[in-house]
Amino acid sequence: MDGNPRSDETPETQASAEREAEGASSDTQAEAAQDGEVARLQSELEAARRRVNELARGLQDLTKDREEFKQRITRERERMLDVERGNVARTLLEAIDELDLVLANSQQDQSPLVQGVRMIRDSLLSKAQATGIERLQVVGRPYDPNLAEAADMEVTPVQDDDQKVVAEFRAGYRLKDRIIRPARVKVARYVAPAQA
């Protein structure tokens, strides 16, 4: 291949060879263009994937925030309902206290009227308990200022009875974990006996 056409080559063969050479050159150029196009498309695809992941994380965060908001609203609604239940319960408890006073002043009386008052009081108390209201048991236990108000004090010579509740003037009540009305109590105070 010294650049001279071979004698057995016809002009058509030469033209065909030139076209093949040009075709190979254009194929190489086309492959290079395709590789560039593939690289560009891959980078666009990767950018799109990153954007989709970013949007998916944003959607997850939004869904999580929405659920937390719904839970917060539910908790707030429950708290408000508990406050209102407590307000209604206080009114009911005052009526029960008045019935307790009537029964305390007529302990010896067994008339049908007293028995009716006792039935009404017991019915109101059971309905209050059905709504979740519990009566606090404080007598005989150590005084807890979170559960009761000390209205009176009694001196005791027994050291083990110091700071124990010895009497209840007014019952205390709780609704779930919240004290809706503290008990009013008498607390024992230990005083050492005087030595003669």
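- The chain is annotated in an unreviewed UniProt entry as Protein GrpE of Corallococcus macrosporus.
- We quote the UniProt Subunit (unreviewed entry) comment for the chain here in full: "Homodimer."
- One UniProt comment on the chain, placed under Subcellular location (unreviewed entry), says "Cytoplasm".

**Some remarks on the pattern of salt bridges**
Moving on, step 1. For the structure on display, the rule yields 17 salt bridges.
Moving on, step 2. Across the pair Glu 44 and Arg 40 runs a salt bridge whose closest N-O atoms are separated by 2.4 Å. Here Arg 40 and Glu 44 lie together in helix 1 (residues 11-105), a separation of 4 residues that amounts to about one turn.
Moving on, step 3. Judged by its relative accessible area of 41%, Glu 44 falls in the partly exposed class.
Moving on, step 4. Here Asp 100 and Arg 121 are joined by a salt bridge, their closest N and O atoms 2.4 Å apart. Placement of Asp 100 in helix 1 and of Arg 121 in helix 2 (residues 112-130) is noted, with a sequence separation of 21 residues between them.
Moving on, step 5. Each member of the salt-bridge network shares a partner with another, and the members are Glu 78, Asp 82, Arg 85 and Lys 176.

**Regarding helix 2**
Moving on, step 1. Over its 19 residues, helix 2 extends 27 Å from the first C-alpha to the last, a length consistent with the 27 Å expected when each residue adds 1.5 Å.
Moving on, step 2. Residues of helix 2 that are buried: Val 114, Val 117, Arg 121, Leu 125 and Ala 128. The arc enclosing the buried residues of helix 2, seen along the axis, measures out at 70 degrees, which places them on a common side. The exposed residues of helix 2 that point more than 90 degrees off its buried face are Pro 112, Met 119, Lys 127 and Ala 130.
Moving on, step 3. Gly 132, located one to two residues past helix 2, shows a positive phi value of around 105 degrees.

Reading the values: rules and limits
- Residues numbered from 1 in each chain as written.
- Predicted model: local features only at pLDDT ≥ 70, side-chain atom pairs only at ≥ 80, totals over all residues.
- Heavy atoms only, no water.
- UniProt positions renumbered as here; feature names shortened; annotations may be inferred.
- Salt bridge = Lys/Arg side-chain N within 4 Å of Asp/Glu carboxyl O.
- Helix = DSSP H or I, 4+ residues; strand = E, 2+ residues; numbered from the N terminus.
- Buried < 20%, exposed > 50% of the residue type's maximum accessible area, 1.4 Å probe, protein only.
- Expected span 1.5 Å × (residues − 1).
- Arc of directions from axis to C-beta.

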